[in-house]
Amino acid sequence: MKLATYKDGSRDGQLVVVSRDLSTAHYATGIANRLQQVLDDWGFMAPQLQDLYETLNQGKARHAFAFDPKMCMAPLPRAYQWADGSAYINHVALVRASRDALVPESFYADPLMYQGGSDDFIGPTDDVVCPSAAFGIDFEAELAVITGDVPMQATPEQALEGIRLVMLANDVSLRHLVPDELAKGFGFLQSKPATAFSPVAVTLDELGDAWDAGRLHLTLQSTWNGRKVGMCDAGPDMTFHFGQLIAHLCKTRRVRAGSVIGSGTISNPGVEVNGKKDWPKGYSCIAEKRAIETLLDGQPSTEYMQYGDTIRIEMKGKDGQSVFGAIDQKIAPLV
């Protein structure tokens, strides 16, 4: 099934069930008002929502209405935690190579992860508001999952059983604030503003055989100012699958229902073309594009985002239809 949260003036919005083709929706009132309620009592509420979903897809839901992504908050508007991994080591390797730095061997054995802000996620069409364009505004196109309860010391296989929903994320970074923060040795804070998520979050059965052991084998499209800059394959180059990311998170603590875990920037390695390296699948963040330019030309030439820029992030299924709806945002100043 596909679930979304509509804006209603409150912090947590109203839960709606959305049809498979994203054309219609139906309020989940009578089953649950908010997604967190469903996550807390998944075994009881999910089957009821599934019944409504099937009725909606059959065109028999009496109070269905046209689905409007502009009405959407993040599927889970605020969460108990947001932990973002860096599961695509190719991305890490590119960025480090542009600084003449090697990737430590430990990075291939133990996932990188940071704890982000989860009290103020933003919707798929909400503006990315930034106090200054000089901060180096960058999009990051990612996948994310929402979990149920996962026990401490869960294995990666056990952790996979805790995944309830999958969605897309734009984990915005303010690149020019990153170096000073990391130099303090305590991680990201001001350089990571509010994260946006796709209009809908979907259950694993909606993904069919594209979902395979914690990896989603579909193409993530990134379109910056109307120009398609990324057509990155999310599956084959994911060094750590979502079960491994969640198991890393719950090594020393329980993960509770309503936790959101991100994949990190989706990235594919370059290929040799006539003796020269090329990246035909593009990029899912500007920092990676700048790293590629540095490796090829000795310096970056692509600037970060400016006020008025737009970013669209979308993933289509094997049938060509949008799976999660699109994140479609504009960069805006703080007013």
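One structure accompanies this document, and this report is about it. Everything quoted here is computed from the prediction, not taken from an experiment.

## A look at the packing of helix α3 (residues 89-97) against helix α7 (residues 286-297)
It is at 8 Å that the axes of α3 and α7 come closest, and there the two elements cross at 50°. In this view, α3 runs oblique relative to α7, as classed from their interaxial angle. α3 and α7 meet at a crossing whose hand is left-handed. Judged by residue contacts, N90, H91, L94, V95 and A97 of α3 engage E288, A291, I292 and L295 from α7.

## Comments concerning the packing of aromatic side chains
Taken as a whole and judged by the stated rule, the model has 10 aromatic pairs. Here the aromatic rings of W82 and F197 are separated by 5.5 Å at their centres, their planes lie at 90°, and the arrangement is edge-to-face. Residue W82 is found in strand β5 (residues 81-85), and its partner F197 is found in strand β12 (residues 196-197); the two are separated by 115 residues along the sequence. Relative accessible area serves as the criterion here: at 1%, W82 is assigned to the buried category. On the basis of relative accessibility, which here comes to 0%, the residue F197 falls in the buried class. Where Y114 meets F188, the ring centres are 5.1 Å apart and the plane angle is 80°; that geometry is what we call edge-to-face. One end of the pair, Y114, is in strand β6 (residues 113-116); the other, F188, is in the loop between α5 (178-183) and β12, and 74 residues separate them in sequence. A relative accessible area of 28% places F188 in the partly exposed class. An aromatic cluster of at least three residues, connected via ring pairs, comprises Y6, Y27, F65 and F67. We note K192 situated over the ring of F188; from NZ or CZ to the ring centre the distance is 5.5 Å.

## Description of the pattern of salt bridges
Under the counting rule described, the total for this entry stands at 13 salt bridges. Between D126 and K7 there is a salt bridge, with its nearest N and O atoms 2.9 Å apart. Here K7 lies in the loop between β1 (2-6) and β2 (14-18) and D126 lies in the loop between β6 and β7 (128-130), a separation of 119 residues in the sequence. The shortest N-O distance in the salt bridge between R256 and D149 comes to 3.9 Å. A residue pair is termed long-range when its members are at least 10 positions apart, and R256 in the loop between α6 (242-249) and β18 (259-262) and D149 in the loop between β9 (141-147) and α4 (156-160) qualify at 107 residues. A residue is classified by how much of its surface remains accessible, and R256, at 39% relative accessible area, is partly exposed. Among the residues examined, D149 registers a relative accessible area of 46% and is labelled partly exposed. Each of the salt bridges in this network shares a partner with another, and the network as a whole consists of D138, E140, D171, R175 and K192.

## Describing α6
For α6, a buried count of six out of eight residues is recorded, marking the element as mostly surrounded by other parts of the structure. Among all positions in α6, only F242, G243, L245, I246, A247 and L249 are buried.

## Let's talk about the layout of surface pockets
Roughly 950 Å³ of internal volume is contained in the largest pocket. Lining the largest pocket are 32 residues, with V95, R99, R175, L182 and F188 positioned closest to its centre. Broken down by secondary-structure element, the contributors of at least two residues to the lining of the largest pocket are β5, α3, β6, α5 and α7. Among the residues forming the lining of the largest pocket, the class breakdown is 14 nonpolar, nine polar and nine charged. Counted as a void, the second largest pocket has a volume near 260 Å³. In the lining of the second largest pocket, the residues fall into four nonpolar, four polar and seven charged.

## Digging into the environment of D205
You can see D205 is positioned in the loop between β13 (201-202) and β14 (211-212). In sequence terms D205 and Q14 are 191 residues apart; their C-alpha atoms lie 23 Å from each other. For D205, the side chain forms a polar contact with the side chain of T203, separated by 2.6 Å.

## Details of the nonpolar core
Grouped together as the largest cluster of nonpolar side chains are 67 residues, with contacts concentrated most on F67, L143, L216, F242, M315 and F324. Ranked by residues supplied to this core, first place goes to α6 with five residues. Once you skip the residues sitting within four places of it in the chain, L216 turns out to touch L143, L207, A210, W211, A234, G235, M315 and F324. Judged by nonpolar contacts, the second largest core, of 33 residues, contains V17, F121, I146 and A257.

## Observations concerning the pairing of strand β10 (residues 163-170)
Remember that side chains alternate between the two faces of the sheet whenever the strand is regular. For β10, the buried fraction is high: seven of the eight residues fall into the buried class. Inspection of the sheet shows β9 paired to β10 by seven bridges, in the antiparallel sense. Across the sheet, V145 pairs through a bridge with V166, a residue of β10.

How each quantity is defined
Residues numbered from 1 in each chain as written. Predicted model: local features only at pLDDT ≥ 70, side-chain atom pairs only at ≥ 80, totals over all residues. Heavy atoms only, no water. Axes fitted to C-alpha atoms, helices over the stretch in contact; angles between N-to-C directions. Helix = DSSP H or I, 4+ residues; strand = E, 2+ residues; numbered from the N terminus. Parallel < 35°, antiparallel > 145°, perpendicular 65-115°, else oblique. Left-handed = near helix turned anticlockwise from the far one by under 90°. Contact = heavy atoms within 4.5 Å. Phe/Tyr/Trp six-rings, centres within 6.5 Å; stacked < 30°, edge-to-face > 60°. Buried < 20%, exposed > 50% of the residue type's maximum accessible area, 1.4 Å probe, protein only. Lys NZ or Arg CZ within 6 Å of the ring centre and 35° of its normal. Salt bridge = Lys/Arg side-chain N within 4 Å of Asp/Glu carboxyl O. 1 Å grid on protein atoms, 1.4 Å probe; cavity = no way out; pocket = protein on both sides within 12 Å on 5 of 7 lines; lining within 4 Å. Points joined across faces, edges and corners; volume = space filled by probe spheres on them. Nonpolar A, V, L, I, M, F, W, Y, C, P; charged D, E, K, R; others polar. Polar contact = N/O pair within 3.5 Å; in protein donor to acceptor, adjacent residues only side chain to side chain. Core = buried A, V, L, I, M, F, W, Y, C linked by side-chain atoms within 4.5 Å. Pairing = 2+ DSSP bridges.

Everything listed is a geometric property; what it means functionally is a separate question.
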